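Each chain, written out:
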Amino acid sequence: SQPHYPSHGEPPASSTRSTPNPSTQYPKNLQHQHAYGAVSNTGASVERIERRCLELFGRDYRYSVISNAHGEVCAPYPRHIVLLERDNAAGRDPFESTVQVGKLQDLINRSKMARCRGRFVCPVILYKGKHICRSATLAGWGELYGRTGAVCHWLQWSVFLADLTLPCSVHRNADSQLFDKVRGHDIKLLRYLSVRYICDLMVENKKVKFGLNVTSSEKVDKAQRYADFTLLSIPYPGCEFFKEYKDRDYTAEGLIFNWKQDYVDAPLSIPASVTQSLSIDWSEYQSWDLVQQTQNYLKLLISIINSDDDSGLLVHCISGWDRTPLFISLLRLSLWADGLIHVSLEPSEILYLTVAYDWFLFGHMLADRLNKGEEIFFFCFNFLKHITSEEFSGVKSQRRKSLPPGFTLEEICMLKQRDRGSTTSLSSDFSLGMESSPGAAGSFTYEAVELMPAGAQAQATWLVSASDRESRLEEVRSAFLASYSRTIGLKAVPPSPSGAIGGLLEQFVRGVGLRGSSTL
């Protein structure tokens, strides 16, 4: 049956913005699930979370939905996979995607076996008409054959023994043809989404279990099928490393990953053309602590999505549910703090959206991670304190492009208003003067926007000053820490309404052991 696509970004008819009843019982199956999955996790609580996400997306975007109600597309993905089509924010040129949901769904169905756990390339952020996507890494021989059913002949001794008599070249040709097919569909999906940049967070070239390559990656594809893409190998520690973060009393400063471990064989590799605008010595990456490494990788991603071309970005790790949501969430929150996406959402709302959609509905195994002390989820939101400055802002390049002809950024920011009666020209009504504020020349303030010509003002009214960025991110972090402490860090707390962030976190880890107290 064909999925239903709500038009114009409207949530389902049963959606409501009223606060749910705090006494609502959570479904028992969520108390024992390590990860959200569309097949196993149903019930009123999850449905409320899903409707809330659709409502929050619909505030600023027109969207369509790919139905995944029974996990038929991908079991550990959301039951309602959102395709953002148009940014409807007032006061700026509407950015619109050229992707058609029907064509996208067809490509997804053809390509999903190419990636680990079927976690296909999925667009999750629409920024300046570009799709920022997430996925797992490429499936390797073991998983691909297992999920296609081709591995069944290994379980039949007669077929197995006969198979041993075949020349190795026959096996190689069969493998190559299968990879050509499934990875060819994956490449078609990437191209349809206009993805050019692929950022691989794996510290391995291939994930090996029991001597078998269970996953691969674009950077080591033997046939170089992904050679036309810009591949960036930016190795980042897996969730196990964040046990050390917890054991160090949640202190990331000075925490350096051990790059000498046997399984770590993927060096950092970034084309020079991508890094030329960044003043970062990438050869020193193995000496960076967790703070500096995360900061520099985020700067890289922000620089890529602000490039002049119309190309999209894919971020992935191995399974796509730990490191991937970390950077997707940081990107979403950073761009929101700059006033570039989700412009109508309040701090509590953008926090709810990214926790619910980027982490919970895409299958982050929070219960399992908490039990093991691998607190990458907590690290993500506590890390916001390290990216409040303007050097992480995506607005910097936008500011230069939005200036009226003949004026520099510094001149615009030094404008003083004599008469607020007109904003249609920069004539005798205005004068250039030096602001007394030390940050005047370096910050793009709302006052400066008001003094622009009408055309430039229309382009720039959505830009947020550096001080606003800091306060917005701090508000998100404070809200997260408060809810995290109440719902995960403390025992004797009554259930919160699941329409709030506290209720969402309770839903996320219901029945899970609690982490120890710590200074944050």
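Every chain's residues receive numbers from 1 upward, in the order its sequence appears when written. In keeping with the model being predicted, local features are shown solely for residues with a pLDDT of at least 70 and side-chain atom pairs are shown and tallied solely at 80 or more, while totals for entire chains, interfaces and linings include all residues. With hydrogens and water excluded, all non-hydrogen atoms of the structure serve as input to the side-chain values.

The end-to-end C-alpha distance of helix H9 (residues 323-337), which contains 15 residues, comes to 21 Å, matching closely the 21 Å that a straight helix rising 1.5 Å per residue would cover. Counting buried positions along H9 gives 15 out of 15 residues, so the element sits mostly inside the fold. Strands are runs of DSSP state E lasting at least two residues, helices are runs of H or I lasting at least four, and both sets are numbered from the N terminus onward. Once H9 ends, the next one or two residues include Gly339, with phi positive near 75°. The span you would expect from a helix comes to 1.5 Å times its residue count less one. Each residue is assigned to one of three classes by its accessible area relative to the maximum for its type, calculated with a 1.4 Å probe on protein chains only: buried under 20%, partly exposed between the two thresholds, exposed over 50%.

Defined by distance alone, a disulfide is two cysteine sulfur atoms within 2.5 Å. Summed over the entire model, instances satisfying the criterion amount to zero disulfides. Here Cys74 is not disulfide-linked; the sulfur of Cys122 is the nearest cysteine sulfur, at 8.8 Å.

What follows is about unusual backbone geometry. In the Ramachandran plot, Arg117 falls in the positive-phi region, its phi being about 60° despite a non-glycine side chain. One can find Arg117 in the loop between helix H2 (101-111) and strand S3 (122-127). Phi is positive for Gln224, which is not a glycine, with a value near 50°. You can see Gln224 is positioned in the loop between strand S7 (212-215) and strand S8 (230-233).

Two strands are said to pair when DSSP picks up at least two bridges between them. The five strands lie next to each other as S3-S4-S9-S5-S8, forming an open sheet whose pairing is mixed. Strands with a single pairing partner mark the edges of an open sheet, and in this sheet they are S3 and S8. Sheet twist, expressed as the mean angle between neighbouring strand axes with direction ignored, is 20°. Looking at chain direction, strand S5 (residues 195-200) and S8 are connected through four bridges and run parallel. Note that in S8 the partner of Asp200 across the bridge is Ser233. Every residue pair with non-hydrogen atoms within 4.5 Å of one another is taken to be in contact. For helices, the axis comes from a line fit to the C-alpha atoms of the stretch in contact; other axes are also lines fit to C-alpha atoms, and the angle between any two N-to-C directions lies between 0 and 180 degrees. In the packing of helix H8 (residues 290-305) onto the sheet, the strands contacted are S3, strand S4 (130-135), S5, S8 and strand S9 (312-316), and the crossing angle to S9 comes to about 155°.

What follows concerns the packing of H9 against helix H10 (residues 347-360). Orientation of H9 relative to H10, taken along the N-to-C sense of each, is 155°, at an axis distance of 10 Å. When the axis of H9 is compared with that of H10, the two are roughly antiparallel. Note that H9 runs across H10; the crossing there is right-handed. The segment H9 lies against H10, with Pro325, Leu326, Ile328, Ser329, Arg332, Leu333 and Trp336 engaging Pro347, Ile350, Thr354, Tyr357, Asp358 and Trp359. In this count, Pro and Cys sit with the nonpolar residues alongside Ala, Val, Leu, Ile, Met, Phe, Trp and Tyr, while Asp, Glu, Lys and Arg are called charged and the others, Gly among them, polar. The class makeup of the residues in the contact of H9 with H10 is nine nonpolar, two polar and two charged. Working definition: roughly parallel below 35 degrees, roughly antiparallel above 145 degrees, roughly perpendicular at 65 to 115 degrees, and oblique for all remaining angles. Left-handed describes a crossing whose near helix is turned anticlockwise from the far helix by less than a right angle; the clockwise case is right-handed.

Attention shifts here to the confidence of the model for the chain. Across the chain, the average pLDDT comes to 76, with 64% of residues at 70 or higher. The predictor attaches a confidence to each residue, called pLDDT, with possible values from 0 through 100. Within the chain, the element-level pLDDT minimum falls on strand S11 (residues 430-432), averaging 26, and the maximum on H9, averaging 98. Here residues 1-34 is a poorly scored stretch, pLDDT under 50, and it has 68 contacts once near neighbours within four places are set aside; other chains count. Throughout residues 490-498 the model reports pLDDT below 50, and contacts reaching past four residues in sequence, or to other chains, amount to 22 contacts.

The next subject is the nonpolar core. If you look at the biggest cluster of nonpolar residues, it comprises 120 residues, and the most contacted ones within it are Leu313 and Tyr357. Look past the residues within four positions of Leu313 in its chain and what remains in contact with it is His131, Ile132, Cys133, Val195, Tyr197, Cys199, Leu301, Ile304, Ile305 and Leu331. Remark: nonpolar core denotes a set of buried residues (Ala, Val, Leu, Ile, Met, Phe, Trp, Tyr, Cys) joined through side-chain atoms within 4.5 Å.

Here Ser393 lies in the loop between helix H12 (376-382) and helix H13 (395-401). Residue Ser393 is classed as buried on the basis of its relative accessible area of 6%. Polar contacts involving the side chain of Ser393 include one to the main-chain amide nitrogen of Val395, which spans 3.0 Å. Ignoring any residue separated from it by four or fewer positions in sequence, one finds Ser393 in contact with Ile302, Asp338 and Arg469. Polar contact criterion, stated in full: a pair of N or O atoms within 3.5 Å, where within protein one must be able to donate a hydrogen and the other to accept it, and residues adjacent in sequence count only if both atoms are side-chain atoms.

What follows covers the packing of aromatic side chains. Stacked, tilted and edge-to-face are the three classes applied to pairs of Phe, Tyr and Trp rings, where Trp contributes its six-membered ring and a pair requires centres within 6.5 Å; stacked means planes under 30 degrees apart, edge-to-face means over 60, and tilted covers the rest. Tallying each qualifying case throughout the model produces 29 aromatic pairs. When the ring of Tyr245 is compared with that of Phe379, the centres are 5.2 Å apart and the planes differ by 85°; the resulting orientation is edge-to-face. Highlighted residues: Tyr245 in helix H6 (residues 242-247) and Phe379 in helix H12, separated in sequence by 134 residues. Overall, the relative accessible area of 2% leaves Phe379 in the buried class. Across from the ring centre of Tyr352, 5.9 Å away, lies the NZ or CZ of Arg52, which sits over that ring. Two limits define a charge over a ring: the Lys NZ or Arg CZ must be within 6 Å of the ring centre, and within 35 degrees of the ring normal. Over the aromatic face of Phe362 sits the side chain of Arg134, whose NZ or CZ is 4.2 Å from the ring centroid.

For S9, the buried fraction is high: five of the five residues fall into the buried class. Alternating positions in S9 separate into two faces, Gly312, Leu314 and His316 on one and Leu313 and Val315 on the other, with burial throughout. Two strands pair when backbone bridges link them, and S4 and S9 are joined in this way by four bridges, in the parallel orientation. Note on S9: the bridge partner recorded for Ser135 is His316. Here S5 pairs with S9 via five bridges, running parallel. Across the sheet, the residue bridging to Ile198 is Leu314, located in S9.

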